[in-house]
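A closer look at the structure
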Amino acid sequence: MMNRRDFLRNAGITGSGLMLAATPWLSVFSEKKQTVGEKARLGIIGPGSRGQVLMNFLCQNPKVEIVAICDIYQPSIDAALQIAPQAKVYRDHRKLLESKEVEGVVIATPLHTHFRITMDAFDAGKHVYCEKSTGYDIEQCFKMYNKHRETGLIFFAGQQRLFDPRYIKAMEMIHSGVFGDIEGIRTFWYRNNDWRRPVPSPELERHINWRLYREYSKGLMTELACHQLQIGTWALRRLPDTVMGHGAITFWKDGREVDDNVSCIYVMDNGVKINFDSVISNKFYGLEEQILGHLGTVEPEKGKYFFEEVAPAPGFLQMVTEIEQNLFDTLPFAGTSWAPETAQPNKGEYITGKRPDGDGTDLLTAAFAEAVITRKQPENIAEECYYASALALWGDQALQEGRMLTFPEEYKLNYLNHSRKPINENEEEKV
Amino acid sequence: MYSGVQSVYNQGLLYGWFTAMHTRVDILLYGKPEEALRNVITLISDALHRLEMRANFFDSTSELGKLNQTAHLKPITVSDELFQMIALCKIYHEKTDGCFDISIRSDHYNAETFQSLILDEAHSTIYFTKQGLRLDLSGFLKGYALDKVREILQTHSIDNALVNIGNSSVMATGNHPKGDGWKVTVAATGKEYLLKNECLTTSGNETPGRKHIINPQTGKYVEGQRTVSVVTASGAEGEALATALFVAG
Ligand SMILES: NC(=O)c1ccc[n+]([C@@H]2O[C@H](COP(=O)([O-])OP(=O)(O)OC[C@H]3O[C@@H](n4cnc5c(N)ncnc54)[C@H](O)[C@@H]3O)[C@@H](O)[C@H]2O)c1
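My aim in this report is to walk through the structure given alongside it, one point at a time. These figures come from a predicted structure and were not determined experimentally.

1. Brief notes about the overall build of chain B
Helices and strands together make up the secondary structure of chain B, namely five helices and 12 strands. For 249 residues, the compact-globule estimate of 2.2 N^0.38 gives 18 Å, and the C-alpha radius of gyration of chain B, at 19 Å, lies within 12% of that figure. Along the longest, intermediate and shortest principal axes, the C-alpha atoms of chain B span 55 × 40 × 30 Å. Every one of the 249 residues in chain B was classed for burial, and the buried ones make up 55%. Long-range contacts, defined as pairs at least 24 residues apart, comprise 57% of the intrachain contacts of chain B with a sequence gap of at least 6. When the accessible surface of chain B is summed, it comes to about 10600 Å², and 49% of that surface belongs to carbon and sulfur atoms. Considering chain B, the positive charge centre built from 23 side chains and the negative charge centre built from 27 side chains are found 4 Å apart.

2. Details of the packing of aromatic side chains
For the structure on display, the rule yields 27 aromatic pairs over all chains. Between W25 of chain A and W234 of chain A, the ring centres sit 5.3 Å apart and the planes meet at 55 degrees, which makes this aromatic pair tilted. Remark: W234 of chain A occurs in helix 10 (residues 220–236) and W25 of chain A occurs in the loop between helix 2 (17–22) and strand 1 (40–45); sequence separation between them is 209 residues. The same class applies to W25 of chain A as to W234 of chain A, namely buried. Pairing F316 of chain A with Y15 of chain B gives two aromatic rings, centres 5.2 Å apart and planes at 25 degrees, and the pair type is stacked. Within this pair, whereas F316 of chain A is found in helix 11 (residues 314–321), its partner Y15 of chain B is found in strand 2 (residues 13–20), the two belonging to separate chains. The same class applies to F316 of chain A as to Y15 of chain B, namely buried. Members of the aromatic cluster, joined through ring pairs, are F142, Y145, Y266, Y386, Y387, W394, F407, Y411 and Y415 of chain A. The cationic tip of R206 of chain A hangs over the ring face of Y213 of chain A; the distance from NZ or CZ to the ring centre is 4.2 Å. Seen from the ring of Y136 of chain A, K218 of chain A lies directly overhead, with NZ or CZ sitting 4.0 Å from the centre.

3. As for the nonpolar core
Counting 123 residues, the largest nonpolar core has F156, F163 and Y386 of chain A as its most contacted members. Residue assignment places this core across two domains, with domain 1 (4–162 + 362–380) and domain 2 (167–357) of chain A each supplying three or more. For F156 of chain A, the residues in contact, after removing those within four places along its chain, are V128, Y129, C130, F163, L364, A367, F368, A371, Q377, P378 and I381 of chain A. Core analysis: the second largest hydrophobic core is formed by 54 residues, I27, I44, C89 and C199 of chain B among them.

4. Some details on helix 13 (residues 381–401) of chain A
Residues and elements named next belong to chain A. An ideal rise of 1.5 Å per residue puts 30 Å on 21 residues; helix 13 measures up with 30 Å between its terminal C-alpha atoms. In terms of residue burial, helix 13 counts as a mostly covered element, since 18 of its 21 residues are buried. The first or second residue beyond helix 13 is G402, which carries a positive phi of 65 degrees.

5. A look at the site of the ligand
Residue and element names in this part refer to chain A. Of all residues adjacent to the ligand, which total 23 residues, the nearest are R50, D71, S76, R197 and E223. With respect to the ligand, the backbone of S49 contributes an N or O atom lying 2.9 Å from an oxygen atom. Within the side chain of S76, an N or O atom sits 2.5 Å from an oxygen atom of the ligand. Coverage of the ligand by the protein amounts to 89% of the 840 Å² it exposes when considered alone. When contributions to the shell around the ligand are tallied by element, the ones reaching two or more residues are helix 3 (49–60) and helix 10. Its residues placed into classes, the shell around the ligand shows six nonpolar, 10 polar and seven charged. Taken domain by domain, the makeup of the shell around the ligand includes at least three residues from each of domain 1 (4–162 + 362–380) and domain 2 (167–357).

6. Details of the sheet that holds strand 3 (residues 23–30) of chain B
Residues and elements named next belong to chain B. If you trace the seven strands from one edge of the open sheet to the other, you get 1-2-3-7-8-11-12, paired in antiparallel fashion. Two strands close off the open sheet at either side, each with one partner strand: strand 1 (6–10) and strand 12 (226–232). Each adjacent strand pair in this sheet contributes to an overall mean axis angle of 10 degrees, direction not counted. With eight bridges connecting them, strand 2 and strand 3 associate as antiparallel partners. If you follow L13 over to strand 3, its bridge partner there is Y30. Along the sheet, helix 1 (residues 34–55) makes contact with strand 1, strand 2, strand 3 and strand 7 (161–165), crossing strand 2 at roughly 15 degrees. Its contacts with the sheet place helix 4 (residues 138–155) against strand 3, strand 7, strand 8 (169–173) and strand 11 (198–205), and it is angled at close to 20 degrees to strand 8.

What counts, and at which threshold
- Residues numbered from 1 in each chain as written.
- Chains lettered and ligands numbered in written order.
- Predicted model: local features only at pLDDT ≥ 70, side-chain atom pairs only at ≥ 80, totals over all residues.
- Heavy atoms only, no water.
- Helix = DSSP H or I, 4+ residues; strand = E, 2+ residues; numbered from the N terminus.
- Rg over C-alpha atoms; globule rule 2.2 N^0.38 Å.
- Buried < 20%, exposed > 50% of the residue type's maximum accessible area, 1.4 Å probe, protein only.
- Contact = heavy atoms within 4.5 Å.
- Areas by Shrake-Rupley, 256 points an atom, 1.4 Å probe, with all protein chains shown as cover.
- Lys, Arg positive; Asp, Glu negative; His and termini not counted.
- Charge placed at Lys NZ, Arg CZ, Asp CG, Glu CD.
- Phe/Tyr/Trp six-rings, centres within 6.5 Å; stacked < 30°, edge-to-face > 60°.
- Lys NZ or Arg CZ within 6 Å of the ring centre and 35° of its normal.
- Core = buried A, V, L, I, M, F, W, Y, C linked by side-chain atoms within 4.5 Å.
- Domains from an automatic or database assignment.
- Expected span 1.5 Å × (residues − 1).
- Near = heavy atom within 4 Å.
- Polar contact = N/O pair within 3.5 Å; in protein donor to acceptor, adjacent residues only side chain to side chain.
- Nonpolar A, V, L, I, M, F, W, Y, C, P; charged D, E, K, R; others polar.
- Pairing = 2+ DSSP bridges.
- Axes fitted to C-alpha atoms, helices over the stretch in contact; angles between N-to-C directions.

Quick look at the structure:
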């Protein structure tokens, strides 16, 4: 039902050539209404907390049928059946993958299981949406990506900001140069809680609080940083070459194995940096990706942009940046006021003209369904998702080793400023 | 206040903005190479800042500021431009039956105050017969500036432009890249106007609490949320008319 124009209009933005250059994966919402009446038949593996959020969106989508669920924890199965009562229940993902009914799977299990389940799914010929981070280390991410390329099956990860209108619109403005040269990206995610979930009985501690143990997760880097690092490279259209950082447990000394206090610096070849900081014993600054241009700043989590000096008129700005799609549109003028702008604090403007609502997860799941139906992998999705996870894991490695690392040549894709040096002649053709 | 020109160029269109006259000026141009368009916006910015130095009521060192302090002592010779502006305001004062009145901020203002202003065209002098007379060109200046901008555009053969000074004074020349003329909406009223080589001037109180225009008949601020927009060939005339119509109710 949804075509690209609908998507853009619903998102409160009008489309432009520039925007599609920044966001080529939006072509997934094809202009043709060719998928009307068709359904993507999906299986949900690991319908825990995130899996249920995804199921709720998928259930509202007339193009989706949830035909199967798989979990190893009864309360999760019970909750999932509340959402999709018709779904067949499995307790082993390999059994679910044998089902002919299932065309694609949504994997929302803990991190350490993503690789095995994803590889099994590709082997079984299923399309895959896997939650972030995709792999437990860069090598796993790389293998998962290559498997997707070899099989030609759809591969999405849970990077919902890729479909969040305020990010899409912000990137369009950033790439058109409105904020000048982007000289730095400061990302942070602060919380003030122990990141624990209640455990019904002690032997379930590791099953429920898997995030806190290294065997299952790499903590703040794999759970949070991957979202924000992707915003950084999306804005810069550049991938870092070196990373350094430090991590420690400074406050929540409760037996956990992952850091509660981390800081990483990702450095591009031109010296521009992306910072990621997370402290989970103070929530004052919340979370943000502060995109710093020499003319202005974007804070997409708040949904706002700010200019260093005088802010432009949103109507004029839109006209110039979206001229391709613009018909003979009217320009709105705010009113009659001519209050001196310097007297006002720099309150900024909303990127989409309104307070943000939603986070892109609805559209991300809709896009996956659309791709499963059309069997067309949207451009750059797998690459963006690969690097989001790879950069987070590489940063973690720097924290662990306590030294500056260079991005491993063998795990580079031919993407943006990264290029693969052919290892042998065959390799060149394959990649 | 920072007044440098900032701009965005995309597919032949240049949008430049800067502050002048206590507000933001927006200019959209196309139809010439990028450098030429940029150059014209810089020239416009320079011209508007010069205009401000001449006629800023709030700056005691502007030509108008000095005039207001000394013209009651003896006739003061002023620049052609300032003389021309004040002369125009006198004409509009007559044409609007006194509803448009630049002497409104004088001490002990009443409907007769304006008569204390004496213009001597032959000598380009201005004289105030009463102490306390003060001329305020703030409202008028934006419209006058639009007329200046039009001259600059014509000199540089830029046929298509949309110019906005503080949202209340808009001038459109030529055409939108995708249509005839330019469509503009006044947010306060939701009314849309199709401008073809015309100016749209809006006067009013945007919010119930906001008041900034004085009624010459009463000497008091006009109250209430109301908006008046006029379309005219000249920006200066638009300012005078919009103010007069707003005041007259
Ligand atoms: N994109 C986002 O914003 C976002 C938000 C939250 C979580 N997540 C991601 O979603 C994933 C799950 O997180 P969560 O908070 O929902 O965790 P959770 O613990 O609430 O849910 C995980 C579920 O997987 C089940 N499970 C574990 N091993 C399994 C296996 N081998 N086979 C089948 N089921 C298995 C568990 O029983 C549980 O029901 C993680 O990768 C996390 O990073 C993403």
